[in-house]
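What follows is each chain in one-letter form.
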Amino acid sequence: LSPCVHAILACRLGYEEKAKEMYLRTARLDLNDYNNDSDDGLHITSMAGTWMSVVQGFGGIKVNENGLHINPFLPKDWSGLQFKIYFLNRAMNIDLSANKVEIVNLSSEHVDFHYKGKKILLPAKECFISELT
């Protein structure tokens, strides 16, 4: 399970090539049969690790005692990434492209989060847009 954790940490440290390498290692564990044991079944935990690599790594999602933090890290050769998360029963759609991030609060209540260290209060059904640098 460590490649997914390494992918997340590589994203946080800005190591793009290592992040992609570890992400692919996680995502392709069974497809490439790295451990020569796919005949015995699939590694379900590695499938969850793939999701973690994408959302927590490249999507930059982290939750701590201060709340939800979003600090995306999109590789230069990726055209985009989109996913939905739920935080405190509030649905959010996060759409990253080469030059911007768009965060939509899908819930009927406001949601607050930190985007690249800045606190954001996003009203219900509203959209936050920022340049992705």
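The preceding data block contains the structure.
Note that this is a predicted model, so its numbers are computed, not measured. Sequence positions are assigned chain by chain, starting from 1 and proceeding in written order. Predicted model: local features are reported for residues with pLDDT of at least 70 only, side-chain atom pairs are reported and counted for 80 or more only, and whole-chain, interface and lining totals are derived from all residues. To obtain the side-chain values, all non-hydrogen atoms of the structure were used and water was disregarded.

As for the sheet that holds strand β4 (residues 90-97)
The strands making up a sheet associate through hydrogen bonds between their backbones, and the pairing can be parallel or antiparallel.
Moving on, step 1. A pair of strands counts as paired when DSSP detects no fewer than two bridges linking them. Helix and strand definitions follow DSSP, with helices as H or I runs of at least four residues and strands as E runs of at least two, each counted in order from the N terminus. Strand order in the open sheet formed by four strands is β3-β4-β5-β8, and the pairing between neighbours is antiparallel. Strands with a single pairing partner mark the edges of an open sheet, and in this sheet they are β3 (80-87) and β8 (127-131). Geometrically, the sheet is characterised by an average inter-axis angle of 15° between neighbouring strands, direction not taken into account.
Moving on, step 2. In the sheet, β4 pairs with strand β5 (residues 100-105) via five bridges, with the strands oriented antiparallel. For every element, the axis is a line fit to its C-alpha atoms; helices are fit only across the contacting stretch, and the angle between N-to-C directions ranges from 0 to 180 degrees.

What about helix α1 (residues 2-13)?
Moving on, step 1. What a helix is expected to span follows from its residue count: subtract one and scale by 1.5 Å. Between its first and last C-alpha, α1 extends 16 Å over 12 residues, near the 16 Å set by a 1.5 Å rise per residue.
Moving on, step 2. Buried within α1 we find Pro3, Cys4, Ala7, Ile8, Ala10 and Cys11. Buried positions in α1, seen along its axis, are confined to an arc of 165° and lie on one side of it.
Moving on, step 3. Immediately downstream of α1, the backbone of Gly14 shows phi near 80°, a positive value. Exposed residues in this analysis have more than 50% of their type's maximum accessible area, buried residues have under 20%, and partly exposed residues fall in between, with area computed by a 1.4 Å probe over protein chains only. For this quantity, the arc is that covered by the directions from the helix axis to the C-beta atoms.

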